[in-house]
Amino acid sequence: AHFYPPKPQNADKRHKNFVWLSSTTGAMQGFMLYCYRSRDDYYYNPKGQKIKKQVEISGHHRCSVITKKDYKAFGELVHFTLEDASTSAAVVRFAAPVGKWAELKVLRLKISSKIKILTERVHNEQQERRRRLSSASEAGGDMDSRGRTRTNSSVPSWDSLS
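Now for a look at the structure at hand. (Residues numbered from 1 in each chain as written. Predicted model: local features only at pLDDT ≥ 70, side-chain atom pairs only at ≥ 80, totals over all residues. Heavy atoms only, no water.)

1. Examining the overall build of the chain
Counted only if it meets this: Where helices and strands are cited, they refer to DSSP runs of H or I of at least four residues and of E of at least two residues respectively, numbered from the N terminus. For every residue, the accessible area (1.4 Å probe, protein chains only) is compared with the maximum for its type, and the residue is labelled buried under 20%, exposed over 50%, or partly exposed between those bounds. Contacts between residues were defined by any pair of non-hydrogen atoms, one from each residue, lying within 4.5 Å. Method for areas: the Shrake-Rupley scheme with a 1.4 Å probe, in which residue coverage is limited to the protein chains shown.
Across its full length, the chain carries 3 helices and 7 strands. In the chain, the succession of α and β elements from N to C terminus is β-β-α-β-β-β-β-β-α-α. Looking at the chain residue by residue over its 162 residues, the buried ones come to 27%. Long-range pairs, those at least 24 residues apart, make up 37% of the contacts in the chain with a sequence separation of at least 6. A total of about 11,400 Å² of accessible surface is found on the chain, and carbon and sulfur atoms cover 51% of it.

Here it is, written out as structure tokens:
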């Protein structure tokens, strides 16, 4: 999933950063957020080059609400923050002119939906693990914390008794 903000006409150099949100595959199967200094850095360089900030989004993140603030140097901006939920520390801050509020809202919704997917995935895995543990304990089996049956090498098997 990519977030391509519309190319601004008469873009002000103060507001030229570009954001790319991508899915990762493999063991982690998470989401990466790549922040580039400009749209040209994204389009005209090899992927992974000229990245201003790279964040692996996890279920431990949250997005603040979009608020409006007046800055002396930039004028009135709307902004939100991607935070670490456990410490409330800012990971990345996003801001745009008030006229670009809709694009900022779309970006926040996309990031929030990725966080929700990851949180639900972890929750479902925990429920499945609990289900396997409870079904094994009801059956008299012994399972480890990952839901796998433990073997006890001190107990002889039927094959070793013959």
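2. Some points on the pattern of salt bridges
Worth spelling out the cut-off: Basic side-chain nitrogens of Lys or Arg form a salt bridge, by our definition, when they fall within 4 Å of a carboxyl oxygen of Asp or Glu.
One pass over the full model with this rule turns up 3 salt bridges. The closest approach of N and O atoms between arginine 62 and glutamate 83, which form a salt bridge, is 2.8 Å. Highlighted residues: arginine 62 in strand 4 (residues 61–63) and glutamate 83 in strand 6 (residues 75–84), separated in sequence by 21 residues. Note that arginine 132 and glutamate 128 form a salt bridge whose closest N and O atoms lie 3.9 Å from each other.

3. A few points about the side chain of histidine 61
Test applied: Counting of polar contacts relies on pairs of N or O atoms within 3.5 Å, with two restrictions inside protein: one atom must be capable of donating a hydrogen and the other of accepting it, and residues adjacent in sequence are counted only when both atoms are side-chain atoms.
Inspection of the secondary structure assignment puts histidine 61 in strand 4. A distance of 3.0 Å separates a polar atom in the side chain of histidine 61 from the backbone nitrogen of serine 58. In this structure, histidine 61 is in contact with Val55, Glu56, Leu82, Glu83, Asp84, Ala85, Val91 and Ile115, ignoring residues within four places of it in sequence.

4. As for the side chain of threonine 81
Summarising the element assignment, threonine 81 is placed in strand 6. Owing to a relative accessible area of 10%, threonine 81 belongs among the buried residues under this scheme. Here threonine 81 is in contact with Arg62, Cys63, Ser64, Ala90, Val92 and Arg93, once residues within four sequence places are set aside.

5. As for the packing of aromatic side chains
Inclusion rule: Two aromatic rings from Phe, Tyr or Trp, using only the six-membered ring of Trp, form a pair when their centres are within 6.5 Å; if the ring planes differ by under 30 degrees the pair is stacked, by over 60 it is edge-to-face, and anything between is tilted.
Taken as a whole, this structure holds 1 aromatic pair when the rule is applied. Pairing phenylalanine 80 with phenylalanine 94 gives two aromatic rings, centres 5.0 Å apart and planes at 25 degrees, and the pair type is stacked. With a gap of 14 residues between them, phenylalanine 80 in strand 6 and phenylalanine 94 in strand 7 (residues 90–97) connect regions that are remote in the sequence. Here the two residues phenylalanine 80 and phenylalanine 94 agree in accessibility, since each one is buried.

6. Looking at the nonpolar core
Soluble globular proteins tend to pack their nonpolar side chains together in the buried interior. Selection criterion: Only buried Ala, Val, Leu, Ile, Met, Phe, Trp, Tyr and Cys residues count toward a nonpolar core, and they belong to the same one when joined by side-chain atoms within 4.5 Å.
Formed by 17 residues in total, the largest nonpolar core has its most connected members in Leu33, Ile57, Phe80, Leu82, Phe94 and Ile111. Broken down by secondary-structure element, the contributors of at least two residues to this core are strand 2 (31–36), strand 3 (51–57), strand 6, strand 7 and helix 2 (101–138). Here the element with the most residues in this core is helix 2; it accounts for 5 residues.

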